[in-house]
Structure formats: structure tokens, C-alpha cells
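Remarks on the overall topology
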Amino acid sequence: MKAVYFERFGGPEVLQFGDLPDPIPAAGEIIVDVAAASVNAADWKFRSGHYARHSQANFPLIPGRDFSGQVSALGRGIDDLKVGDAVFGVLEAGREGTYAEKLATKAAIVAKKPQALSHVQAAAVALTGLTAVNAIADTLKLQRGETILIQGGAGGVAGFAIQFAKHLGARVITTASAANRDYVLDLGADQVIDYNAQDFTSVVSGCDAVFDTVGGEVAQKSFAVLKPGGRAAFIASGVEAPKPTRSDVVALRPPVERSRRAMERVAQLVETEAVRPPAIKVYPLSQAVEAHRLSESRHFRGKLVFQLR
Ligand SMILES: NC(=O)c1ccc[n+]([C@@H]2O[C@H](COP(=O)([O-])OP(=O)(O)OC[C@H]3O[C@@H](n4cnc5c(N)ncnc54)[C@H](OP(=O)(O)O)[C@@H]3O)[C@@H](O)[C@H]2O)c1
């Protein structure tokens, strides 16, 4: 099969496009012929050797965590999916390898692709949707009538989160560059702060919740906008939430639930049009270097997605 892989950790230039052996399904696994795979920030962190668990890496490594495609083979013990089913999903925690024509994955954690979405759109909302739903509903437990500040509104996770928070009945404030102002307003944001022109801590206060997808100093400063008793969730600050700078708020680190049930929650939100797919820039798999360069710049809109078929 054709795949994107690397034989040493490094910059985007270590990515190669070529032939690797087809995967073989273990018991409980399916083979998916990948139609689309999205680029997540985790992919270039993985490629650059950021994750300690890969210090004993078994090269070549294929990046990529989410996908949409068609089931082409079944391992032993699969009776709830069949060859030809269109499915989408996120690989198990600690597993990568969706930038390829074929992948093996645990069947129990994939869901049927929403019919209304193309494979490219389904891949675009897989990991981002899962992360946003876990953060907004399960971790922050956002309620109707509450106000939330979502940092990094034009990104993949935040774009889903803005729409989901509005769907739950919350008021949404978000940060974005001027170029993405109309985009985040169109997603449903009630108030947009141009982070290059204004310090968000000087214009926002008294929020019930913060969802930070930017990290670094933005994450640290986010505690200031919460009301007493407020909650903040962080996904771009490593495996633990940053330590709060005040004692009357909580800092949370959302998990990502890999399960069919969780994927079906994402599917249902797009099927009912509570959430629309994001802006998407499509690449052929052979242009992974360019896609990683743009993703790593951290300044683009929505999602970057490889279309394979
Ligand atoms: N479960 C998890 O733990 C999990 C899952 C998915 C993602 N993540 C992490 O979450 C983070 C977000 O990922 P993502 O894929 O949604 O987006 P991303 O690719 O990391 O971010 C791109 C967006 O960030 C915006 N941005 C950059 N700097 C900003 C700033 N200072 N203030 C406001 N916006 C800013 C950019 O908008 P402008 O062009 O307008 O600047 C761009 O649209 C990443 O660190 C990723 O690794 C974690």
C-alpha cells in the first residue's frame, strides 16, 4: 500500500511517501481502506519525537490518528460490521497510522460514517469532534445559559466546540485573528476577540467556563476570565492541565473516549446539523510535507485533510 512514513524523528522533511506492507487484522480488528485522513497537531508532535513513549520507536512509523473509509477485511470475532461498510473513527490511544491506503483498527471503536458527510468531512470531525464533545459536555459539563470562552476559535477542535456549545444553549466568546473573524462568527460565536489587537483578559471576565486549545501563555492567562467557581479545560498544555493561578477555580484535562458510543455522539451531532463540518483544505497523500508545514505554523482555518480516493 502507499503510505506516508518516517524513519527518524525530525522536521516535516523526514516524511516520505512510498510503499509499505499492507496491515493484517488481529482478532477484533478490521481493515479499513482509507478514503480520507485528517492532519492533527498531534501528528507533527509525533513526527518530531515529542511523545516519550516513542523513544523506543520501531521505524518506519506512519503518522495519523483519524480516518474515514470503507471496511475491506474482518479479523476474527467481528459480527457487527461487514465488508463494504463506510466507517469513521480515531485509532486507539497510543496508536498512529492513518496516513495510508489501509489501516487496521479495533472494530469496537469505529462508527458508521454519517451519510450526509463525505469521507473528507467525516475524517475532519473525527478526533476534533470527539475531543470537543468530551471537553464541553463531559469535562466542563457546560449548561444552557452559561458563558464560555473558547481559545483558538478557528482551529479544528474549537470550531466544533463553538457550534456544540451554542447547540447546548451557552453564550460563546472566542479568540481568533482578524482573518478568521467572519469564519468563527459563522460558526455561531457571539463575541470574537482579535487576539493580535486586544488582550482577552482586558475585555472578558465572569465566565462560567474556558476551553483552551492554544496552550502556553494563553492557557495560563485564561484563569483570569473565570468567575469564582469557574471551570477551565485545557488540551494544548500537555498531559496535565496547568496549575490554576487562583484557588477559587478548577483546571481540568479532558480525556478522549475511544469507543463506538463516543463516535456515534459525534455522528449524531453532524447528522442532526447541530454541528457543520469545518472549513477544509484537501491534500493528496503525496503532499504530507506541505500539510505538516501548514499545520505546524498553527495559523490556518478549520482542518487539513488527505483525500485518498
Ligand atoms: N484530546 C486531546 O488532547 C487533543 C485532541 C486534539 C487536539 N489537541 C491539541 O489541541 C490543540 C488544538 O488543536 P487543533 O487541531 O484544534 O488546532 P491547531 O491546529 O493547533 O490550531 C490552529 C488554530 O489555532 C489558532 N491560533 C493560533 N494561535 C492562537 C492564539 N494565540 N489565539 C487564538 N487562536 C490561535 C489559529 O487561528 P488563527 O489563524 O486565527 O491564528 C488556527 O486556526 C493542539 O495543541 C492539539 O495538539 C488535543
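Residues numbered from 1 in each chain as written. Predicted model: local features only at pLDDT ≥ 70, side-chain atom pairs only at ≥ 80, totals over all residues.

1. Quick notes on the overall build of the chain
Put simply, the rule is: Strands are runs of DSSP state E lasting at least 2 residues, helices are runs of H or I lasting at least 4, and numbering of each runs from the N terminus. For the radius of gyration, the atom set is restricted to C-alpha positions; the globular benchmark scales as 2.2 Å times the number of residues to the power 0.38. Counting other C-beta atoms within 10 Å of each residue's C-beta, where C-beta atoms are placed from the backbone, gives the exposure class: buried for 20 or more, exposed for 12 or fewer, partly exposed between. We call two residues in contact whenever the C-beta atoms placed from their backbones are within 7 Å.
The number of helices and strands found in the chain is eight helices and 15 strands. Taken over C-alpha atoms, the radius of gyration comes to 19 Å for the chain, in line with the 19 Å a tight globule of 309 residues would show. Taking all 309 residues of the chain together, 47% fall into the buried category. Pairs at least 24 residues apart make up 65% of the contacts formed inside the chain by residues separated by at least 6 positions.

2. Here we look at the domain arrangement of the chain
How we decide: What counts as a domain boundary in this text is fixed by an automatic or database domain assignment. We call Asp, Glu, Lys and Arg charged. Ala, Val, Leu, Ile, Met, Phe, Trp, Tyr, Cys and Pro are nonpolar, and the rest, Gly among them, are polar.
Entries for the chain in the domain assignment read domain 1 (2-125 + 257-307) and domain 2 (141-252). One C-alpha centre belongs to domain 1, the other to domain 2; they are set 27 Å apart. Tallying the contact residues gives 10 residues for domain 1 and nine residues for domain 2. A breakdown of the residues in the side of domain 1 that touches domain 2 according to their chemical character gives six nonpolar, one polar and three charged.

3. Quick notes on the site of the ligand
So the rule is basically this: All residues are tested the same way: a C-beta atom is placed from the backbone, and lying within 6 Å of a molecule or strand makes the residue near it.
Around the ligand, a shell composed of 30 residues is seen, among which Ala41, Ala154, Gly155, Ser177 and Ala236 lie nearest. Of the residues belonging to the shell around the ligand, the class tally is 14 nonpolar, 14 polar and two charged. Counting residues domain by domain, the shell around the ligand receives three or more from each of domain 1 (2-125 + 257-307) and domain 2 (141-252).

4. Things to note about the sheet that holds strand β9 (residues 171-176)
The condition is simple: In this description, strands pair whenever DSSP reports at least two bridges between them. To obtain each axis, a line is fitted to C-alpha atoms, and for helices this fit is confined to the stretch in contact; angles are then taken between N-to-C directions over 0 to 180 degrees.
Strand order across the open sheet formed by six strands is β10-β9-β8-β11-β12-β13, with parallel pairing between neighbours. At either margin of the open sheet sits one strand with a lone partner, and together these are β10 (191-194) and β13 (250-252). The sheet shows a mean angle of 20° between the axes of neighbouring strands, direction not considered.

5. Section: unusual backbone geometry
Residue Pro60 is reached from Phe59 by a cis peptide bond, and omega for that bond is 0°. With respect to the secondary-structure elements, Pro60 resides in the loop between α1 (41-47) and β4 (66-74). Non-glycine residue Glu273 carries a positive phi angle of around 65°. Along the chain, Glu273 turns up in the loop between α7 (260-271) and β14 (280-283). By C-beta crowding, Glu273 is classed as exposed, having 10 other C-beta atoms within 10 Å. Within the chain, Arg298 stands out as a residue other than glycine whose phi angle is a positive 60°.

6. As for helix α8 (residues 288-297)
Where we set the bar: Arc definition: directions from the helix axis to the C-beta atoms.
Within the span of α8, buried status applies to Ala288, Ala291, His292 and Ser295. One side of α8 carries all its buried residues, which in axial view fall inside an arc of 95°. At its buried positions, α8 is contacted by β1 (2-5), β2 (16-19), β3 (29-39), α1, β14 and β15 (303-307).

7. Comments concerning helix α3 (residues 156-167)
Rules: Under the convention used throughout, the expected extent of a helix is 1.5 Å for every residue step, that is, one less than its residue count.
End to end, α3 covers 17 Å across 12 residues, agreeing with the expected 16 Å (1.5 Å per residue, within 8%). Of all 12 residues in α3, 10 are buried; the element is thus mostly enclosed. Every buried residue belonging to α3 is among Gly156, Val157, Ala158, Gly159, Phe160, Ala161, Ile162, Gln163, Phe164 and Ala165, and all of these are buried. In the segment just after α3, Gly169 is the residue with positive phi, at about 95°.

8. Observations regarding the packing of helix α2 (residues 119-139) against α3
Our working definition: Oblique is the label for any angle not under 35 degrees, not over 145, and not in the 65 to 115 range, which are roughly parallel, roughly antiparallel and roughly perpendicular in turn. Rotating anticlockwise by less than a right angle from the far helix to the near helix defines a left-handed crossing, while the corresponding clockwise rotation defines a right-handed one.
Running from amino to carboxyl end, α2 crosses α3 at an angle of 50°, the nearest separation of the two axes being 8 Å. By the angle between their axes, α2 is oblique relative to α3. Where α2 crosses over α3, the handedness of that crossing is right-handed. Within the contact between the two elements, α2 uses Val125, Thr128, Gly129, Thr131, Ala132, Val133, Ala135 and Ile136 and α3 uses Gly156, Val157, Phe160, Ala161, Phe164 and Ala165.

9. Brief notes about the pairing of strand β5 (residues 86-90)
Among the five residues in β5, four count as buried, and that is most of the element. Looking at chain direction, β4 and β5 are connected through five bridges and run antiparallel. Residue pairing for β5: Ser68 is matched across the bridge by Phe88. Across three bridges, the pairing between β5 and strand β7 (residues 110-112) is antiparallel. Its bridge partner being in β7, Phe88 is matched across the sheet by Ala111.

10. A short note on the nonpolar core
For the record, the criterion: As used throughout, a nonpolar core is a set of buried Ala, Val, Leu, Ile, Met, Phe, Trp, Tyr and Cys residues joined through C-beta atoms within 7 Å of each other.
Within the largest apolar cluster, 92 residues are counted, with the highest numbers of intra-cluster contacts made by Ala36, Ala123, Ile136, Ile148, Ala161, Ala165 and Phe211. For this core, the element with the most residues is α2, which contributes 12 residues. Each of domain 1 (2-125 + 257-307) and domain 2 (141-252) contributes no fewer than three residues to this core. Non-local contacts of Ile136, meaning those with residues more than four positions away in its chain, are made with Leu142, Ala161, Phe164, Ala165 and Phe211.

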